[in-house]
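Read off the chains here:
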Amino acid sequence: MGVVPSIASTIFYNLPYGGPVGMIWGWLVAALLIGTVGLAMGDLASSMPTSGGLYFWTHRLCPPEYRNFLSWMVGYNSFLGNVSATSSLAWGCAGIFFAAGSMNNPEFQPSMGATFGLYCGILIFCGIYCSYGTTLFARMQTPATVLNLGLALVTIIGLPIARRNELNTAAFTFGGWVNLHNWGSGMTFLLSMMAPVWTIGSFDCAVSLSEEASNAAIAVPAAIIGSIGTAGVLGTIYLIIIALCMGTDLEAINDSAIGQPLAVIYQMGFGTKGALAVWAFIAISQVSMTSSLLLPASRQAFAFARDGALPFSKYFYHVDRQTGTPVRTVWLVVFCAMPLGLLGFADPVDGAAIK
């Protein structure tokens, strides 16, 4: 899940939409609702473990007269959703890298062209990693998990100590309502859930790796429920600490020239050098997250090609002899994701179109 880098990439979805209330309670409510979906998906993954996942289950469970059409629709929805999710992670990763430059030099403002170039570079790097470094990828999963937990602990323990003289009250931390947009209160609270949905919503990636997992009937449901539960709890605790330490001027944090509200909060607590040190590890973690989503996205595409549902399925249904993995579908996802970054040029100043 990469809770810390995910919150770094999406905090501008919940901080201005309700302030502490949207951040903490929106996350918790969304996590509970996603958990119900995860329980249902875990049950299906246990009984029918396959990389085809959603579209295969749809075909098995639908009435015969609808199953082909509905499974085709679900399959393409999964494929396009995976492509856009990979694109979103890579774009957020580029923003995290450039935020480090803005922290070091407040006058530094990356152009949209530079952001798009870095975004494409991140996708290509992750494509190479997922195509030819799968052995290393498997070994790096535990260090990546430890890194994410370490980043959370640095924040949960270190930030309140650094901000000990400027902590918010409990009333503001848990009940402060700040709406920086024109939406009504109800809609604002619902919009605050975009951040947890973006973060925790990737739990279904475990399904796409079913055919490469040992004891998939147990491991995949455990991964689904475990990831939702861990992200829900850890994210809630993390956001409580952020709300406690961020001060009350949320508009200044949200509109900072750095462009990343969480970077501003780290800078307030740890100073520029300390914040940059933490931020460097967040950037590494975000690259790992992008790769971790690209990999199952390619496996879902491979399963879809295996069933003849993709254009040029015979070409994409191919396992590389050297790596033993579907390299062609890795690059299919990468090259389908790249053009989505062009949305940034629709509003190169604020990037509203791509947000």
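Residues numbered from 1 in each chain as written. Predicted model: local features only at pLDDT ≥ 70, side-chain atom pairs only at ≥ 80, totals over all residues. Heavy atoms only, no water.

A.B. asks: Break down a nonpolar patch on the surface for me, with residues and values.
C.D. replies: Among the surface-exposed residues, Tyr66, Phe69, Leu70, Trp72 and Met73 lie close enough to one another that they form a single nonpolar patch of about 530 Å² accessible area. Along the chain, Trp72 turns up in helix 4 (residues 64-104). (Patch = residues over 30% accessible without salt bridge, like charges linked within 9 Å, V, L, I, M, F, W, Y side chains within 5 Å. Areas by Shrake-Rupley, 256 points an atom, 1.4 Å probe, with all protein chains shown as cover. Salt bridge = Lys/Arg side-chain N within 4 Å of Asp/Glu carboxyl O. Helix = DSSP H or I, 4+ residues; strand = E, 2+ residues; numbered from the N terminus.)

A.B. asks: Before we move on, can you summarise the environment of Phe125 with the specific residues and values?
C.D. replies: With respect to the helices and strands, the residue Phe125 is situated in helix 5 (residues 112-132). When its relative accessible area of 48% is taken as the criterion, Phe125 is described as partly exposed. Put simply, Phe125 and Phe316 are 191 residues apart on the chain and 20 Å apart in space, counted from C-alpha to C-alpha. (Buried < 20%, exposed > 50% of the residue type's maximum accessible area, 1.4 Å probe, protein only.)

A.B. asks: If you had to explain the side chain of Asn168 to someone new, which residues and values would you point to?
C.D. replies: As for its position among the elements, Asn168 is in the loop between helix 6 (134-162) and helix 7 (170-175). Within the structure, the side chain of Asn168 is placed 2.7 Å from the backbone oxygen of Ala243, a separation counted as a polar contact. Excluding residues that lie within four positions of it along the chain, Asn168 makes contacts with Thr173, Ala243, Leu244, Cys245, Met246, Gly247 and Thr248. (Polar contact = N/O pair within 3.5 Å; in protein donor to acceptor, adjacent residues only side chain to side chain. Contact = heavy atoms within 4.5 Å.)

A.B. asks: With reference to specific residues and values, describe helix 3 (residues 54-61).
C.D. replies: Regarding helix 3, the residues found buried are Tyr55, Trp57 and Thr58. Down the axis of helix 3, the sector holding all buried residues measures 160°, keeping them to one side. Turning to helix 3, the residues buried within the fold contact helix 2 (20-47), helix 4, helix 10 (205-208) and helix 13 (261-306). (Arc of directions from axis to C-beta.)

A.B. asks: Residue-level account of the nonpolar core, with values.
C.D. replies: Side chains of a nonpolar character, in soluble globular proteins, are inclined to be buried together. Of all hydrophobic cores here, the largest spans 53 residues; its most connected members are Ile224, Ile242, Met246, Leu262, Tyr266, Trp279 and Ile282. Elements with a contribution of two residues or more to this core: helix 1 (3-14), helix 2, helix 4, helix 6, helix 10, helix 11 (216-245), helix 12 (250-254) and helix 13. Per-element tally for this core: the top contributor is helix 11, with twelve residues. The contact partners of Met246, leaving out residues within four places of it in the chain, are Leu15, Pro20, Met23, Arg163, Asn168, Phe172, Ile253, Ile265 and Met268. Counting residues in each nonpolar core, the second largest holds 37 residues, with Phe79, Cys120, Ala305 and Val327 among its members. (Core = buried A, V, L, I, M, F, W, Y, C linked by side-chain atoms within 4.5 Å.)

A.B. asks: Any chance you could break down the environment of Ile241 for me, citing the residues and the numbers?
C.D. replies: Within the secondary structure layout, Ile241 lies in helix 11. Expressed as a C-alpha distance, the spacing of Ile241 and Gly158, which sit 83 residues apart in the sequence, is 9.9 Å. Those residues in contact with Ile241 that sit more than four places away from it in its chain are Thr155, Ile156, Leu159 and Pro160.

A.B. asks: Requested: an account of the packing of helix 5 against helix 6, with residues and values cited.
C.D. replies: How two helices pack is summed up by the angle between their axes together with the distance between the axes. Where helix 5 meets helix 6, the axes come as close as 5 Å, and the angle between the chain directions of the two elements is 100°. With respect to helix 6, the element helix 5 is oriented roughly perpendicular. Residues Tyr129, Cys130 and Tyr132 of helix 5 touch helix 6, and the partners they reach there are Thr134, Leu136, Phe137 and Met140. Class assignment of the residues belonging to the contact of helix 5 with helix 6 gives a composition of six nonpolar, one polar and no charged. (Axes fitted to C-alpha atoms, helices over the stretch in contact; angles between N-to-C directions. Parallel < 35°, antiparallel > 145°, perpendicular 65-115°, else oblique. Nonpolar A, V, L, I, M, F, W, Y, C, P; charged D, E, K, R; others polar.)

A.B. asks: Provide a residue-level description of the layout of surface pockets, including the pertinent values.
C.D. replies: Of the volumes computed, that of the second largest pocket is approximately 220 Å³. If you trace the second largest pocket, you find 13 residues lining it, with Tyr129, Met140, Ala144, Ile284 and Ser288 closest to the centre. Ranked by residues supplied to the lining of the second largest pocket, first place goes to helix 6 with six residues. For the lining of the second largest pocket, the residue count by class is nine nonpolar, four polar and no charged. (1 Å grid on protein atoms, 1.4 Å probe; cavity = no way out; pocket = protein on both sides within 12 Å on 5 of 7 lines; lining within 4 Å. Points joined across faces, edges and corners; volume = space filled by probe spheres on them.)

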